[in-house]
Amino acid sequence: MSLDKPFHIVGLFLLLVVVALIHPIAGASAGSDNKKVLVLVDDHTTTKTHSTFLDTIKRKGYDVTVSLATSDEVQLQDVETWLFDKLVVLGGQSKYGPGITARKQLEFFEAGHDLYVAVTPSAGSSTRALLGRLGADIEDSGSTVVDHFKYNAKIDEGGHTAVLTSIDDTLSGTFTPSTEQHDIICPRSIGFSISPEAYMTMGVLHGSPTAYSAQKDSTAAGTGKTALGGYNLKLAALVQGRNNARAAVLGSLDMLSNSLIKSSKGNAGFAIDSLSWVFQERHVLHASAIRHRLVDGPWNPPLYRIKDDVEVFVDIEECNSSRCQPFDGKDVQVEFVMLDPYIRKTLTHLGNGTFTAQVKVPDVYGVFKWVIDYKRPGYSWIYESETVPVRPFRHYEYSRFLSQAFPYYGSVMAMVVGFLFTGAFFLYST
Amino acid sequence: MGQTSRPLGFPLQEIISTFATKYKAVPPRLRVLDIFACCALATAILQFIYSLIVGSFPFNAFLSGIFCCAGTAVLTICLRLQISEGQTSSKTPERAFVDYVLAMSTLFLAVWCYIG
């Protein structure tokens, strides 16, 4: 017995070690499928007034956590791991808690996660900064968008702030047809402008020609600077980041409230469509690596020669939340670039998502790149590149007998023939 | 023979007529050689004019064409000199012809290698 005891102890110890190692693996497998959403609200009345919107998110299958924006306990990131996959900010008024500052939210976006922000006219400075980084320059605090001609009289509280607008034409196709046909009401919204350099930010809703941005507590347009109004006054924008993370900026929190979703088809459609777009459920494009070869040659050779005939292939698929299908793009182009594109050709769609083009390598040698750079509003961005060196002719690959030298060849032939006849005459004449 | 003053300093008409009568005495063998040499020279001049118009781009082809024609002309004239009467060397006409053939073959070999 004195020999068995240490044996038992060692066995138990090993068992504990094994259990401790297995447990985290078992725990991790039952979870994150890219579905954890954090919703930040300014106060709990928002949770009640926007319950339909929150239920829409829940019904899509997401795991929703609602929290106050000022909360000390909730965090976006735990050292290196992101604890949530998507973030929805409703309000943006209060000062954020330490785990969810505006800087953290921007890092969250830059890490590839999606962001949906709806602000009120009294948006705080940190939210303003975040939206500025997303490309939307918000008007001064307290400004509202006023339109004395195009407003919804039933909802409006007197200041003509329940502005009517509709989906911008550049993003037609990104929203469902019924959303594009109906007017969308944006009560109590703050306008913003999108700088032309912010190419990632696309304005979805803009003011009508009679809309303008009014100062705080008045209906006068801003003085001392150009007032924002008309087409340049944006009420909602979609952002497609370079890392293909998506964000939405809405200038009006009230347009997502229960009463407006119930009463306006346009608002309901816009809420659902913009949410599904931002959460990468629609219009997500994935491209395979570029394949290239000499026509009917081996795939991806390490080197090409000038004036070769080369064909290039790429597979692009368009993914929804449920499945992926071949993308039917008509304007995908491939470029053959060495500092500048030497060739730019539109790819033809072969059917099952495979796009191809046939190209003659230009008469320049060097290191080239096949580049597919496809950026269209509403679709995720594709950037694929393959580097391929191109060599000049080897000395035996130049054409040998040139047509310009035919007279010289002819003269030599004539000399040979003449010599033979002369020799024959010399030998065989009497 | 011409005493009266003429526009040219030499009697061109008489030179041509004397040459024509004397040339009738030349045997056919030598005449063939003469014709061949003249044709070769003409071909060389034609090639040169062509290169002046179009450019001498495949320069090796240009040089080999010109030298082939000039070379055949020269060698043919050498053969004619060696064969015609009044030569004091001890070479027989057969030996001269063999030399001609060998020289032309070497010329054609070099030209053919250089032309393309």
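As the structure is a prediction and not an experimental result, all values here were calculated from the model.

It is worth spelling out the overall build of chain B at this point. Scanning chain B for helices and strands turns up four helices and zero strands. Ordering the α and β elements of chain B from the N terminus gives α-α-α-α. Relative to the globule expectation of 13 Å for 116 residues, the C-alpha radius of gyration of chain B, 19 Å, shows a markedly less compact shape. C-alpha atoms of chain B, sized along the principal axes, occupy 60 × 45 × 20 Å. A total of 116 residues make up chain B; the buried ones form 29% of that total. A fraction of 67% describes how many contacts in chain B between residues 6 or more apart in sequence connect residues 24 or more apart. Roughly 7,700 Å² of accessible area belongs to chain B as shown, and the carbon and sulfur atoms make up 72% of that amount. Positive and negative charge centroids in chain B, built from 8 and 5 side chains respectively, lie 4 Å apart.

All names here are of chain A. With a phi angle near 50 degrees, Arg188 is a residue other than glycine that sits in the positive phi range. Inspection of the secondary structure puts Arg188 in the loop between strand 10 (184-186) and strand 11 (192-194). Judged by relative accessible area, Arg188 falls into the partly exposed class, the value being 38%. The phi dihedral of Leu339 falls on the positive side, at around 65 degrees, and the residue is not glycine. Within the secondary structure layout, Leu339 lies in the loop between strand 21 (333-338) and strand 22 (340-346). Overall, the relative accessible area of 82% leaves Leu339 in the exposed class.

Turning next to the pattern of salt bridges. All names here are of chain A. One pass over the structure, following the stated rule, counts 19 salt bridges over all chains. For Lys104, the salt bridge is made with Glu107, and the minimal N-O distance between the two is 3.6 Å. In this pair, Lys104 and Glu107 both sit in helix 4 (residues 102-110), three residues apart, roughly one turn of the helix. For the salt bridge of Lys330 with Asp328, the shortest nitrogen-to-oxygen distance reads 3.2 Å. According to the relative accessible area criterion, Lys330 is exposed, its value standing at 63%. Salt bridges sharing common partners tie together Arg305, Asp308, Arg391 and Glu397.

Before going further, it helps to spend a moment on the sheet that holds strand 22 of chain A. The strand order across the open sheet formed by five strands is 18-26-25-21-22 (chain A), and the pairing between neighbours is mixed. Either end of the sheet is taken by a strand with one partner, and the two such strands are strand 18 (304-305) and strand 22 of chain A.

Take the state of the cysteines next. For the structure on display, the rule yields one disulfide over all chains. With its sulfur 2.0 Å from that of its partner, A:Cys319 forms a disulfide with A:Cys324. One disulfide, between A:Cys319 and A:Cys324, carries an S-S torsion of 105 degrees and so falls in the right-handed class. No disulfide involves B:Cys68; its sulfur sits 5.3 Å from that of B:Cys69, the nearest cysteine. Here B:Cys78 stays free of any disulfide, with the sulfur of B:Cys38 as its closest cysteine sulfur at 15 Å.

Turning our attention to a nonpolar patch on the surface. Judged by side-chain polarity, B:Phe10, B:Leu12, B:Ile15 and B:Ile16 come together as a nonpolar surface patch covering roughly 370 Å² of accessible area. Take B:Phe10: it is sitting in the segment before helix 1 (12-23).

Once that is clear, we can look at the packing of helix 9 (residues 406-428) of chain A against helix 4 (residues 93-115) of chain B. Where helix 9 of chain A contacts helix 4 of chain B, the axes come no closer than 11 Å and their chain directions differ by 165 degrees. Between helix 9 of chain A and helix 4 of chain B, the interaxial angle falls into the category roughly antiparallel. Crossing of helix 9 of chain A over helix 4 of chain B shows left-handed handedness. Here A:Tyr408, A:Tyr409, A:Val412, A:Met413, A:Met415, A:Val416, A:Phe419, A:Gly423, A:Phe426 and A:Leu427 of helix 9 of chain A lie close against helix 4 of chain B, whose contacting residues are B:Phe97, B:Tyr100, B:Val101, B:Met104, B:Phe108, B:Val111, B:Trp112 and B:Ile115. Here the contact of helix 9 of chain A with helix 4 of chain B is composed, by residue class, of 17 nonpolar, one polar and no charged.

This paragraph deals with the packing of aromatic side chains. In this structure the tally under the stated criterion is 22 aromatic pairs over all chains. Measuring from centroid to centroid gives 5.5 Å for A:Phe327 and A:Tyr379, while their planes differ by 65 degrees, and the two rings are edge-to-face. With A:Phe327 in the loop between strand 20 (324-326) and strand 21 and A:Tyr379 in the loop between strand 25 (366-374) and strand 26 (382-391), this pair connects stretches of sequence that are 52 residues apart. Ring centres 5.2 Å apart and planes at 5 degrees place the aromatic pair A:Phe426 and B:Phe97 in the stacked group. With one member in each of two chains, A:Phe426 in helix 9 and B:Phe97 in helix 4 form a pair that bridges those chains. Look at A:Phe426 and you get buried, because its relative accessible area is 5%. Three or more aromatic residues joined by ring pairs form one cluster here, namely A:Phe419, A:Phe426, B:Phe97, B:Tyr100 and B:Phe108. Above the ring of A:Trp299, the side-chain terminus of A:Arg293 is found at 4.5 Å from the ring centroid.

Now for the interface of chain B and chain A. Each partner contributes residues to the interface: chain B has 32 residues there, and chain A has 21 residues. With both chains or domains summed, chain B and chain A bury close to 2,400 Å², and 81% of this area falls on carbon and sulfur atoms. Looking only at chain B, the three residues that lose the most surface to chain A are B:Arg29, B:Tyr50 and B:Phe97, adding up to 23% of its buried area. At the boundary of chain B and chain A, one finds zero salt bridges. The interface formed by chain B and chain A holds three residue pairs in polar contact (both at pLDDT 80 or more) in total.

Residue and element names in this part refer to chain A. Residues Phe53, Ile57, Leu90, Leu205 and Phe270 are the most contacted members of the largest nonpolar core, which totals 41 residues. If one sorts the elements of this core by residue count, helix 8 (residues 265-278) sits on top with six residues. Look past the residues within four positions of Phe270 in its chain and what remains in contact with it is Ile167, Phe175, Thr179, Ile184, Val204, Leu205, Ala236, Leu250, Met255 and Leu275.

Calculation notes
- Residues numbered from 1 in each chain as written.
- Chains lettered and ligands numbered in written order.
- Predicted model: local features only at pLDDT ≥ 70, side-chain atom pairs only at ≥ 80, totals over all residues.
- Heavy atoms only, no water.
- Helix = DSSP H or I, 4+ residues; strand = E, 2+ residues; numbered from the N terminus.
- Rg over C-alpha atoms; globule rule 2.2 N^0.38 Å.
- Buried < 20%, exposed > 50% of the residue type's maximum accessible area, 1.4 Å probe, protein only.
- Contact = heavy atoms within 4.5 Å.
- Areas by Shrake-Rupley, 256 points an atom, 1.4 Å probe, with all protein chains shown as cover.
- Lys, Arg positive; Asp, Glu negative; His and termini not counted.
- Charge placed at Lys NZ, Arg CZ, Asp CG, Glu CD.
- Salt bridge = Lys/Arg side-chain N within 4 Å of Asp/Glu carboxyl O.
- Pairing = 2+ DSSP bridges.
- Disulfide = S-S within 2.5 Å.
- Patch = residues over 30% accessible without salt bridge, like charges linked within 9 Å, V, L, I, M, F, W, Y side chains within 5 Å.
- Axes fitted to C-alpha atoms, helices over the stretch in contact; angles between N-to-C directions.
- Parallel < 35°, antiparallel > 145°, perpendicular 65-115°, else oblique.
- Left-handed = near helix turned anticlockwise from the far one by under 90°.
- Nonpolar A, V, L, I, M, F, W, Y, C, P; charged D, E, K, R; others polar.
- Phe/Tyr/Trp six-rings, centres within 6.5 Å; stacked < 30°, edge-to-face > 60°.
- Lys NZ or Arg CZ within 6 Å of the ring centre and 35° of its normal.
- Buried area = accessible area lost by both parts, 1.4 Å probe.
- Polar contact = N/O pair within 3.5 Å; in protein donor to acceptor, adjacent residues only side chain to side chain.
- Core = buried A, V, L, I, M, F, W, Y, C linked by side-chain atoms within 4.5 Å.

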